[in-house]
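Examination of the molecular architecture
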Amino acid sequence: MAEGKLYLRPLGFLYGPPADAAIEDGLALPLAGGPIAFTSAVVIEGSPTNSHRRFISVEALEESRDADLGGVLERVTAKRPPFAGLALARPTLMGIVNVTPDSFSDGGLYDETEGAVAHAAELAADGAAIVDIGGESTRPGSDTVADDEELARVVPVLKELKGSPAVISIDTRKSAVARAAAKAGARILNDVSALTYDPACLDVAAEEGLDVVLMHAQGEPKTMQDNPAYDDVVLEVFDYLEARIAACEQAGIPRARIAADVGLGFGKTLAHNLALLANTSLFHGLGVPLLVGASRKRFIGGLGQAKEPNSREPGSHAAAIACAAQGAQMFRVHDVAGSRQALAVWRASVFGTEN
Ligand code: 7PJ
């Protein structure tokens, strides 16, 4: 048997009254303290290069709860405090607002600012609890943008969004942008490099009191899809995010202000993305809320034969539901109204009630 670290992948999910009854009877445990229960799990022991898996019921898990298993079980089941003031009791949407130059418009920055502000207001009206403002494309193949350029794109938008009902998130890897965004009212720092591209982001988040989303990526946007490789993508992404959470805590960002994201499409093949999606529940072992960013990504285009990004909505909704069914709390999406509808109908159907 492989000796080493223990990971827990909760399975056998229950929703609504059966979940409450099974928890009461000691046959299930709550997933991240939320309304979903799990009745079994895969215990993974070892490391990304050498691991052993065994299937176990929650009853047996409770009986064999030793010191090692107890730690991960506590993190998997504990209730999460609100993130950026949001309770997360039901699927929470982060609407995407890109403030990157539109090649079909020659209106300059004024038009871009107005367009982004209007788009953010629309997403908030559609039900986005969070709007994520980004001035640097980090899609595969993208080049980096200079600090000044990124600041010029996002700061006017953030200033206009003061007083918005949505929580404002800044999607950046740069400390200067994160600092300016915090001063202009942003509450969340969403960093696709998990505060590694510019380590000063750690201090900015701590000093400004920003909540942070830590996302895993392998490599740089320009080249990350060239040849992504892992021994075990699920365990490696878990270990990475766990280490980044520890780095944040050390820098003075409390765990209650951290969320984690596996980074679908960021240095990942189709097989890697699918392994991460199928193992979403394992990431509750990080002890923080989970954010999923599947919306319109290339892997959906491949699976769904949908070449145009805006034709990938049905697949995007399906991926979000698959993750919500495993207890993921937040979803970064383009189509807020459609996602809201898909998740509301899924939720009402499995819980058997509108509320
Ligand atoms: C993500 C992101 C994601 C988080 C982008 C795109 C590429 N931030 N920023 N998670 N993706 N947290 O939207 O296709 O998946 S940019």
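Values in this document were obtained by computation on a predicted structure and should not be read as measured data.

With that settled, the discussion passes to the nonpolar core. With 91 residues, the main nonpolar core has Ile133, Phe283 and Phe331 as its most contacted residues. Filtering out sequence-adjacent residues up to four positions away, phenylalanine 283 remains in contact with Val234, Val237, Phe238, Leu241, Val262, Leu276 and Leu290. Counting twelve residues, the second largest nonpolar core, distinct from the first, contains Val167, Ile188, Leu291 and Met330.

Around the ligand, a shell composed of 13 residues is seen, among which Asp171, Asn190, Asp261, Lys297 and Arg332 lie nearest. Take aspartate 261: an N or O atom from its side chain is 2.6 Å from a nitrogen atom of the ligand. Note that an oxygen atom of the ligand is positioned 2.5 Å from one of the side-chain N or O atoms of lysine 297. Notes on the ligand: free accessible area 390 Å², of which the protein chains cover 94%. Of the residues belonging to the shell around the ligand, the class tally is five nonpolar, three polar and five charged.

Within this structure, the stated rule accounts for 16 salt bridges. Between arginine 332 and aspartate 132 there is a salt bridge, with the nearest N and O atoms lying 3.0 Å from each other. Placement of the pair is arginine 332 in strand 12 (residues 330-333) and aspartate 132 in strand 6 (residues 130-134), with a sequence separation of 200 residues. Just as arginine 332 is buried, aspartate 132 falls in that class too. Notably, a salt bridge pairs glutamate 313 with arginine 296, separated by 2.6 Å at the nearest N-O pair. Highlighted residues: glutamate 313 in helix 11 (residues 313-324) and arginine 296 in the loop between strand 11 (291-292) and helix 10 (298-304), separated in sequence by 17 residues. For glutamate 313, a relative accessible area of 9% gives the class buried. The partly exposed category is assigned to arginine 296, whose relative accessible area is 21%.

Reading guide: rules and limits
Residues numbered from 1 in each chain as written. Predicted model: local features only at pLDDT ≥ 70, side-chain atom pairs only at ≥ 80, totals over all residues. Heavy atoms only, no water. Core = buried A, V, L, I, M, F, W, Y, C linked by side-chain atoms within 4.5 Å. Buried < 20%, exposed > 50% of the residue type's maximum accessible area, 1.4 Å probe, protein only. Contact = heavy atoms within 4.5 Å. Near = heavy atom within 4 Å. Polar contact = N/O pair within 3.5 Å; in protein donor to acceptor, adjacent residues only side chain to side chain. Areas by Shrake-Rupley, 256 points an atom, 1.4 Å probe, with all protein chains shown as cover. Nonpolar A, V, L, I, M, F, W, Y, C, P; charged D, E, K, R; others polar. Salt bridge = Lys/Arg side-chain N within 4 Å of Asp/Glu carboxyl O. Helix = DSSP H or I, 4+ residues; strand = E, 2+ residues; numbered from the N terminus.

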